[in-house]
Each structure stands twice: as structure tokens, then as C-alpha cells.
Amino acid sequence: AEPNSTPAAPKFVLTPEADISTIVEAARARYNTGVTRSLSWRKNQLRALFRMFDENESVFLEASHKDMAKHHNETWAYDVLILKNEIVDALENLDSWSKPERVDPGLPNMLDTAEIRRDPFGLCLVIGAWNYPYQLTLGPMMAAIAAGNAVIVKPSEVASHAAAAMAHFLPKYLDPVLFPVVNGGVPETTALLKIRFDHIFYTGNGFVGKIVAAAAAKNLTPCVLELGGKSPVIIDETADLAIAAKRVMWAKSINCGQTCVAPDYVLVPRGKVDAFAAACKDAVLDLYGENPKTNSHYPRVITKRQFDRLTDVLDKQKAIGTTKVAVGGETDASDLYIAPTVLTGVSGSDPVMEDEIFGPLLPILPTDSVNECIDFVRAREKPLALYVFSKNQKVVDDVLARTDSGNAVVNDLLMNMTIPNLPFGGVGASGSGKYHGKAGFDTYTHTRSYLQCPAGMDLVTMPRYPKMAYSNGGR
Ligand code: NAD
């Protein structure tokens, strides 16, 4: 569908800070009634969430278009569909995921029932990010619902149209007391983080991740941190450069490079750098044509602040004599446009290699061996994703055995995100905790050990008591 004629967009309304504690207390009180324990109740909530997207799809798609000129098809495929698949997966598997597991109590407890129960944590807080607002906010929420929790939902205020759409529709479809939306930025999130939750799930940058983790630690609240980092691509001598370039440029350009698992930089055999850069140029031409700016499938940077950050890094990098803009390089502040841009002549200590890029700039760094690539990656923080392009399985195995990353994909990128059976999350600086599919259910579940003993038959308990009680006999 083309982005035009859709129903009126919901307005972004800040949740008054004074209301936040009342909202949270109401959710806790309702959670304490036990209503979320019923599996059929949870399934009805999940079905309602699915319906919410089905019945209001154009509003959700248009909201992301307003936020960052994201094409409806892109939002549908990489934000809404991924979430819907996760909902279907949870609906199909909830019975088996949640089933208590009988375990052998052992000889001394042979008359008892011993089992592992899958219990919810209770009242959870989900703090979402702006770049894929639906799946990053409602994905954790839906895993929490599947596991029987109540959730306070805090979408990112940066994608304000998407946040407004979620705040508008969620209470119309889901239990509004158990799953309220709090809309706001730093003050509202800070107010939320002062409250004691049973679980916190945060997606965003590592700086704020530390603030969230510190707030959680004050209450000994478990938390999941879905953060970012510089995700490398390693290309070896055997890789098909045209295929690698097309997949890399696709993964770097969707959402205008503002994807947590976007390739951040590419390590290419020294003699192949120019050929790979040329293949990247062809790939951009294939994907977006001569001028991506006029192609409605190419989105924009989310805010002027992010635009300034990215163009500043680009300018600093261009000021280094050796750096060449091999592809793109055009920017337009009035439109927050940055072309898919490939840079060569970059070294590991350059400005563009300092922080996660999170935009459509792709540095290519020359390397002399796979060992050098491994050392390069190992010398930096553990990334959220690592990509290898090679036809040599020994190279693939070696890279995987000697590096670490939250996710690893060989000869492709990003597609692991679409598979509910693959847990998603970071490691080290790129985060902790996993979700998607059963991993999401498990993240929101604690395994409660359960032992039920016969109410009578005291005689069998005698051996545990001091000798006196033993000799007095049992009841
Ligand atoms: P953002 O600005 O939307 O911030 C995320 C959330 O943190 C928002 O809800 C925001 O309101 C809240 N927040 C911001 N400042 C805060 C503060 N001082 N105290 C409390 N809460 C605060 O998103 P962002 O951080 O710009 O997102 C980009 C980063 O997130 C990148 O590093 C990216 O790699 C990472 N990311 C990771 C994943 C993942 O799944 N691992 C997904 C998307 C983005």
C-alpha cells in the first residue's frame, strides 16, 4: 500500500507524572486477583493484540511513515509481521511452554508430588525503543502476557506517532488496567523507574541501559537489557562479493540504517576492497535506483539530533585524508536525508569506528587475514550481531569459535530476527537476556519449585526429626 488516505492519526499525549503511581497500583491490584493465571484468558489477550493490528493496520503503518518516512511495506514486513508471527507462535505453543514439569522426588519423598511450575514474575515494565516501535515495545509485552504477567508499557517518545497509536488502541483491545500505556520521555521514565517492579525490560542505548540497570538494582528487580553495539561483517577471500554487497547494503539501508543489528562496518581482504565497494554501489542502484532520495522505499533519519550526530561523524571522517566516499555521501538537513553511504580508507581508530553508527554510513576496512579480523572484533565490545560471508566452513567455524556476539549469521544478515525459535538478545555490552518465541516466555517466567506432601501419614516424616520425636511415635 502507498502511504496515503488513512484514518485520522491518534495524538501523542503525555501521561501526567502525577497519574503514574495510580496506574501502576491499579495494575498491581488487578494482577493480585489472579486473573492472568488462566491460559485461555492470556490467549484471548494475545488474539486481541493480533486483531488490533489487523483492524487498524493502516493507522499503525502511517504512524511509522509520519515518524521517519518509513514505507508502509517496510513497517509491515519488519515491524508488524515479525510481531504477528511471534503472537501466532505463542498461541500455538503456550500450552506446552507453560505446562508444569513433573520431576522424580526421589526415594525419601516418593509419596510426594514434585514439579516445576512456570510462574509469572508479576508486574513488569517494558521500556521500548523508537526504531521498530511495535515489535520492540509490544514484542516483550506480548511475551510477558503469554507468561501471565501485568505490563506497564512505555513506548519511546521519539517515535511519537507510533507511541500515540499504541496508546490509543491498546486499551481498546487489551485489559486496560493490566496493560496500560504510559507515554512520555525522560521525566516519565524516571518516575516509573523509582517504582518497584517485578521485572524490567529495556531496549535502547547502553548509556540509558546503565541507568535502567542501576534503578532495577535498587529494588533487586531482574532486568533484561536489549542494547546495541558495532556489529561487524567479516568477508573472506572465498565470498561472492556481489551477493555479500547486496545483502549488506539491504541490511544497512532498511530503516535508514537505524537497526540495532544493522552491519556497522565491514572487514574485507585488502585486495578486494575496491571490488566490494563497487559491488555496494551496484547494490544500492539495484535496491533504490540512481537517487534513493526520491525513492519512497528509502526512509529518513528519525530526528535532527540523530541527523546532526551522523553528519558530524561523516564530516570528521571525510576530513581524514585517506577516506574516500565510495558510494552516496549526499545529505539534506531539511529532509533529514542521508544517502546509503560507503566509506573506504578507514582505520580502526577513526571517528566512524568509535561508537555504534546507527545510520546509513558503512565503513569498509581492509584486512590481511581472517585472524586479523578475529583479533579486530575481539579487541572491541561484544557486538549484538556478527556476520560472516564465506564459502569455507573452516573459516566460519574459526570465526565463531574465537569471537562472541549476541547473534551470528553466516552468508546473510538480520533474518535470524524473523525466526521465533531463535532467541534474540545481546551479550556483554550489547545486552543481557533473550526473547522471541519460547525464549521470551522463559524470560518472563520463573521456575517455581513445587512439592506437595500427603496431609497425613506423619510416620513417614519421622526419620527427619530429632531422636526424641522419633521415639514418641507419629500420628
Ligand atoms: P530511545 O531514544 O527510544 O530510548 C529508548 C528508551 O529509553 C525510550 O523509551 C526512552 O524514553 C528511554 N529513555 C531515554 N533516556 C532515558 C533516561 N535518561 N532515563 C530513562 N529512560 C530513558 O532509543 P535509543 O537509545 O536512541 O535507541 C537506539 C539504541 O538502541 C541503539 O544503540 C540500538 O542499537 C539499540 N537498540 C537495541 C535493540 C535490541 O533489540 N537489542 C533494538 C533497537 C535498538
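Residues numbered from 1 in each chain as written. Predicted model: local features only at pLDDT ≥ 70, side-chain atom pairs only at ≥ 80, totals over all residues.

### Here's the deal with the UniProt feature "domain: Aldehyde dehydrogenase" (unreviewed entry) in the chain
Part 1: In the UniProt entry, the feature "domain: Aldehyde dehydrogenase" (unreviewed entry) is given for residues 16–449.
Part 2: Across residues 16–449 one finds 44% helix and 17% strand; the C-alpha atoms that close the span lie 41 Å apart. (UniProt positions renumbered as here; feature names shortened; annotations may be inferred. Helix = DSSP H or I, 4+ residues; strand = E, 2+ residues; numbered from the N terminus.)

### Let's talk about helix α11 (residues 304–318)
Part 1: Over its 15 residues, α11 extends 20 Å from the first C-alpha to the last, a length consistent with the 21 Å expected when each residue adds 1.5 Å.
Part 2: Three or more residues of α11 are buried, namely Gln 306, Phe 307, Leu 310, Val 313, Leu 314 and Gln 317. One face of α11 carries all of its buried residues, which in axial projection span an arc of 135°. Across from the buried face of α11, at angles greater than 90 degrees, the exposed residues are Lys 304, Arg 305, Asp 312 and Asp 315.
Part 3: Tucked inside the fold, the buried residues of α11 contact β11 (337–338), β12 (341–344) and β13 (361–367). (Expected span 1.5 Å × (residues − 1). Buried ≥ 20, exposed ≤ 12 C-beta atoms within 10 Å, placed from the backbone. Arc of directions from axis to C-beta. Contact = placed C-beta atoms within 7 Å.)

### Side note on the site of the ligand
Part 1: Around the ligand lies a shell of 28 residues, among which Ser 156, Gly 204, Glu 226, Gly 228 and Cys 260 are the nearest.
Part 2: Looking at the shell around the ligand, the elements that each hand over two or more residues are α7 (186–193) and α8 (206–218).
Part 3: Sorting elements by how many residues they give to the shell around the ligand places α7 first, with 3 residues. (Near = placed C-beta within 6 Å.)

### Some words on the nonpolar core
Part 1: Counting residues in hydrophobic clusters, the biggest one holds 136 residues, and the most contacted among them are Cys 124, Met 142, Val 151, Ile 235, Cys 280 and Ile 364.
Part 2: The element that contributes the greatest number of residues to this core is helix α5 (residues 133–146), accounting for 9 residues.
Part 3: Other than its neighbours up to four places away in sequence, Ile 364 contacts Val 266, Val 268, Val 273, Phe 276, Ala 277, Val 342, Leu 343, Thr 344 and Val 346. (Core = buried A, V, L, I, M, F, W, Y, C linked by C-beta atoms within 7 Å.)

### Considering the sheet that holds strand β7 (residues 232–235)
Part 1: The strand order β9-β12-β13-β8-β7-β14-β15 describes an open sheet built from 7 strands, whose pairing is mixed. Each having just a single partner strand, β9 (324–327) and β15 (407–410) make up the two edges of the open sheet. Within this sheet the neighbouring strands show an average axis-to-axis angle of 25°, counted without direction.
Part 2: Inspection of the sheet shows β12 paired to β13 by 3 bridges, in the parallel sense. (Pairing = 2+ DSSP bridges. Axes fitted to C-alpha atoms, helices over the stretch in contact; angles between N-to-C directions.)

### Examining the environment of Arg 378
Part 1: Its location among the elements puts Arg 378 in helix α12 (residues 370–378).
Part 2: Considering only alpha carbons, one finds Arg 378 and Pro 7, 371 residues apart in sequence, at a separation of 50 Å.

### With respect to the UniProt feature "active site" (unreviewed entry) in the chain
Part 1: When the UniProt feature table is mapped onto this chain numbering, "active site" (unreviewed entry) sits at Glu 226 and Cys 260. Judged by maximum C-alpha separation, these annotated positions cover 35 residues in sequence but sit close together in space, the widest gap being only 9.1 Å.
Part 2: Positionally, Glu 226 belongs in strand β6 (residues 223–226).
Part 3: Other than its neighbours up to four places away in sequence, Glu 226 contacts Tyr 202, Thr 203, Gly 425, Gly 426 and Gly 431.
Part 4: Position of Cys 260 relative to the elements: it lies in the loop between α9 (241–253) and β8 (265–269).
Part 5: Overall, Cys 260 belongs to the buried group, with 28 C-beta atoms counted inside 10 Å.
Part 6: If we ignore the near neighbours within four places in the chain, the residues touching Cys 260 are Gly 228 and Leu 384.

### A short note on the environment of Ser 405
Part 1: Within the fold, Ser 405 resides in the loop between α13 (393–402) and β15.
Part 2: Taking the C-alpha atoms as reference points, Ser 405 and Asn 392, 13 residues apart in sequence, are found 20 Å from one another.
Part 3: Look past the residues within four positions of Ser 405 in its chain and what remains in contact with it is Lys 382, Pro 383, Leu 384, Ala 385, Leu 386 and Val 427.

### So, the sheet that holds strand β5 (residues 199–203)
By way of backbone hydrogen bonds, the strands of a sheet pair with one another, either parallel or antiparallel.
Part 1: Spatially, the 5 strands line up as an open sheet ordered β4-β3-β5-β6-β16, and their pairing is mixed. Edge strands, defined here as strands with exactly one partner in the open sheet, are β4 (150–154) and β16 (431–432).
Part 2: The pairing of β5 with β6 spans 4 bridges and is parallel. Bridging across to β6, Thr 203 finds its partner in Glu 226.

### Some points on the packing of helix α4 (residues 72–98) against α5
Part 1: Close contact between α4 and α5 brings their axes to 9 Å; oriented N to C, the two are set at 10°. Here α4 is positioned roughly parallel relative to α5, judged by the angle of their axes. Between α4 and α5, the contacting residues are Asp 79, Val 80, Ile 82, Leu 83, Glu 86, Ile 87, Ala 90 and Leu 94 on the first element and Tyr 134, Gln 135, Leu 138, Gly 139, Met 142 and Ala 146 on the second.
Part 2: By residue class, the composition of the contact of α4 with α5 is 10 nonpolar, 2 polar and 2 charged. (Parallel < 35°, antiparallel > 145°, perpendicular 65-115°, else oblique. Nonpolar A, V, L, I, M, F, W, Y, C, P; charged D, E, K, R; others polar.)

### Notes on unusual backbone geometry
Part 1: Not every positive phi belongs to a glycine, and Asn 255 is a case in point at roughly 55°.
Part 2: Summarising the element assignment, Asn 255 is placed in the loop between α9 and β8.
Part 3: On the basis of neighbour count, Asn 255 is assigned to the buried category, with 25 C-beta atoms found within 10 Å.
Part 4: One non-glycine residue, His 436, lies in positive phi territory at about 85°.
Part 5: Given 26 C-beta atoms within a 10 Å radius, His 436 is considered buried.

### Structural notes on α7
Part 1: Within α7, the full set of buried residues consists of Thr 189, Leu 192 and Leu 193. Buried residues of α7, viewed axially, fall in a sector of 95°; they line one side.
Part 2: Check the buried side of α7 and you find it contacts α1 (17–31), β3 (123–127), β4 and α8.

### Let's talk about the pairing of strand β2 (residues 113–120)
Part 1: Judged from the 2 bridges that link them, strand β1 (residues 101–102) and β2 form a sheet pairing that is antiparallel. Residue pairing across strands places Arg 102 opposite Glu 115, the latter belonging to β2.
Part 2: Here β2 pairs with strand β17 (residues 445–452) via 8 bridges, running antiparallel. What sits directly across from Ala 114, in β17, is Leu 451.

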